[in-house]
Amino acid sequence: MSHVFHRSALTTPPMAAQASGQHITDAAGQNYLDASGGAAVSCIGHGDPRVVAAVSQQIAQLDYAHNGVFTSQPAEELATHICEAAGLGMARVLFVGSGSEAVEAAIKMARQCQIERGQTGRHVVISRHQSYHGNTLGALARSGSETRRTPYTPMLPERTQIMPCFYYRHAWPGETPEAYGLRAADTLEAEILRLGPETVAAFLVETVVGATSGAVLPVPGYFKRIREICDRYSVLLICDEVMCGVHRTGPFLACAAEGIAPDIVTLAKGLGGGYLPIGAVVCRSEVFDSFAQGSGAFTHGHTYMAHPVVCAAALAVQRAIVEDGLAARVSEQGAALEAALRGRLGQHPHVGDIRGRGLLWAVELVADRETAAPFDPKLKISARIGVEAKARGLLVYPGSGTIDGWRGDHVLLAPAYSIGQEDLDKIVDVLAASIEAVTRRPTGVTS
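Counting its secondary structure elements, the protein contains 15 helices and 15 strands. Rg of the C-alpha trace for the protein: 22 Å, near the compact-globule value of 22 Å for 447 residues, within the 12% margin. Along the first, second and third principal axes, the C-alpha set of the protein runs to 70 × 60 × 45 Å. A total of 447 residues make up the protein; the buried ones form 53% of that total.

Here you go:
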């Protein structure tokens, strides 16, 4: 009998016994190729001896010191690496324990920053439909993931959201990506004016949408218009890059590819690579200076913030990315993965869209390719594809509610940056076979 409160109250997952490189082995000896990095977390692969050594050495030297009293060398060096790698004027880093905590801290930072600037009425954080920003109540309150929110709706504050930037699902017939992007971005200005600019503190947005809709890219020009609108009304721009940041989509910050600099960025998954839990809030000097020249302190904190051992692990992960040239490899292997997916699944009758950037890709499943009609949610197509792939030794990240939180299916892929061509080929082969096995009999009834 397990005493662990697992995610499912009805089943106990298999026991993971060992992990190395791109693979995880369970206690029964079944080997799995990890094509999704868990939840887009494992970026350098499992069991890197450099990270193991760094953790061991740090524990022996300094295991814990409260961040309100001390700083540590790993925290200082990691923050310097992040700011230098990020560029875009990023100057300060607040370390937390997860992506949800990072978003929670970011929205509080934006609110207090406005207070420090004398804008005490600015408290509203606008976000987008079909977004996901974390599972703590503050982050969940700003998320647009309806299935995650529904049980807790009575506990969440009122939210305000605008349309997503999702060209495949929301563009008008004949509308160009550029025209659509301007239309989608302009809903932010309309919402700011509706609420009153003096009430709006920040706009929270995923640079590349993660699990909720599956690797949805912004169309050209979208973020430049968003940045213009935020500047016009003195609204802080928070880019949530918990999943898409730290080279997952190519550059250290995904927003660099959009030609804009946010005021605040949240990071997590690829920062620690799964070795130890860590998240970060990164801000421009102008944001930090508001605190330094105002009250002098951010009214926020956690016991394990900037934990020395966790920071040492993350620093070793980031150094491994640099030493092994993995940032460039993300683009190279991402192009190879895209080509393989399009070659194998581009004309599949139940694949509506293949999208992504770097090593973050999604395949959206449809009942009818011509109309893009989704499968009936009751069929649980994506979940069944995940089960089918796992039975064949492949771990993927299934997603449902792709379109509106209730309808739509996709499968997310986010392999480690160190993935090789042989493993990439296996990912596409097994995924294609799994999609075919499930969509051939979408009801799940065998004959």
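With the rule as written, the count across this model stands at four aromatic pairs. The ring of F288 is capped by R92, whose NZ or CZ atom sits 3.9 Å from the centre of that ring. In this structure, R148 packs its charged tip against the face of Y132, placed 4.0 Å from the ring centre.

Here we have four strands laid out as an open sheet, ordered β1-β2-β3-β13, and mixed in their pairing. Lying at the two open borders of the sheet, with one neighbouring strand each, are β1 (16-20) and β13 (394-395).

Moving on: the pairing of strand β5 (residues 124-128). Extensive coverage of β5 is indicated by the burial of five of its five residues. The side-chain alternation of β5 yields two buried faces, one formed by V124, I126 and R128 and the other by V125 and S127. In the sheet, β5 pairs with strand β7 (residues 200-206) via three bridges, with the strands oriented parallel. Residue pairing in the sheet places V124 in a bridge with V200 of β7. As defined by bridge partners, β5 adjoins strand β6 (residues 161-162) across two bridges and the pair is classed as parallel. Paired with R128 across the bridge in β6 is I162.

This paragraph deals with helix α13 (residues 326-345). Helix length check: α13, at 20 residues, gives a terminal C-alpha distance of 27 Å against a target of 28 Å (1.5 Å per residue), a fit within 8%. Within α13, burial applies to L326, V330, Q333, G334, L337, L341 and L345. One side of α13 carries all its buried residues, which in axial view fall inside an arc of 120 degrees. Exposed side of α13, more than 90 degrees from the buried face: A339 and G343 are the residues found there. Along its buried surface, α13 packs onto α12 (308-323), β11 (351-357), β12 (360-365), β15 (409-413) and α15 (421-440).

Right, let's talk about the sheet that holds β15 for a bit. Read across the sheet, four strands follow the order β11-β12-β15-β14 without closing on themselves; strand pairing throughout is antiparallel. Edge strands, defined here as strands with exactly one partner in the open sheet, are β11 and β14 (397-400). Here the average twist between neighbouring strands, direction ignored, is 20 degrees. Taken together, the four bridges between β14 and β15 define a ladder with antiparallel strand orientation. By the bridge assignment for β15, Y397 is matched with L412. Where helix α14 (residues 381-391) meets the sheet, its contacts fall on β12, β14 and β15, and the angle it forms with β14 comes to roughly 170 degrees.

Time to look at the environment of R407. Tracing the backbone shows R407 in the loop between β14 and β15. What R407 contacts, discounting residues up to four positions off in sequence, is P374, P377, G401 and T402.

Here we come to the pattern of salt bridges. Throughout the structure, instances matching the rule amount to 22 salt bridges. For the salt bridge of D353 with R355, the shortest nitrogen-to-oxygen distance reads 2.9 Å. What makes D353 buried here is its relative accessible area of 19%. Residue class for R355 comes out buried when judged on its relative accessible area of 7%. Counted as one network, the salt bridges with shared partners bring together D48, R50, E323 and D324.

All right, on to the packing of α14 against α15 then. Relative placement of two packed helices is described by the angle separating their axes and the distance separating the axes. Where α14 contacts α15, the two axes come as close as 9 Å, and the packing angle between them is 130 degrees. Compared by their axis directions, α14 and α15 come out oblique. Between α14 and α15 the crossing geometry is right-handed. Seen from α14, the contacting residues are I381, R384, I385, E388 and A389; seen from α15, they are V430, L431, S434, I435, A437 and V438. A per-class count over the contact of α14 with α15 returns eight nonpolar, one polar and two charged.

L78, I82, F95, L188, F203, Y222 and I226 are the most contacted members of the largest nonpolar core, which has 50 residues in total. If near-sequence neighbours (up to four positions away) are discounted, F95 is found in contact with A75, L78, A79, I82, I278, G279, A280, M305, A306 and C311. Membership of the second largest hydrophobic core comes to 42 residues, among which are I381, V411, Y417 and I427.

What follows is about the pairing of β7. Most of β7 sits out of view: seven of its seven residues are buried. For β7 and strand β8 (residues 236-240), the ladder comprises five bridges, and the chain directions are parallel. Note on β8: the bridge partner recorded for L204 is I238. Tracing the backbone out of β7, into helix α9 (residues 222-232) and back to the parallel element β8 gives a crossover that is right-handed.

Cut-offs used in this document
Residues numbered from 1 in each chain as written. Predicted model: local features only at pLDDT ≥ 70, side-chain atom pairs only at ≥ 80, totals over all residues. Heavy atoms only, no water. Helix = DSSP H or I, 4+ residues; strand = E, 2+ residues; numbered from the N terminus. Rg over C-alpha atoms; globule rule 2.2 N^0.38 Å. Buried < 20%, exposed > 50% of the residue type's maximum accessible area, 1.4 Å probe, protein only. Phe/Tyr/Trp six-rings, centres within 6.5 Å; stacked < 30°, edge-to-face > 60°. Lys NZ or Arg CZ within 6 Å of the ring centre and 35° of its normal. Pairing = 2+ DSSP bridges. Expected span 1.5 Å × (residues − 1). Arc of directions from axis to C-beta. Contact = heavy atoms within 4.5 Å. Axes fitted to C-alpha atoms, helices over the stretch in contact; angles between N-to-C directions. Salt bridge = Lys/Arg side-chain N within 4 Å of Asp/Glu carboxyl O. Parallel < 35°, antiparallel > 145°, perpendicular 65-115°, else oblique. Left-handed = near helix turned anticlockwise from the far one by under 90°. Nonpolar A, V, L, I, M, F, W, Y, C, P; charged D, E, K, R; others polar. Core = buried A, V, L, I, M, F, W, Y, C linked by side-chain atoms within 4.5 Å. Right-handed = clockwise from strand over helix to strand, strands pointing away.

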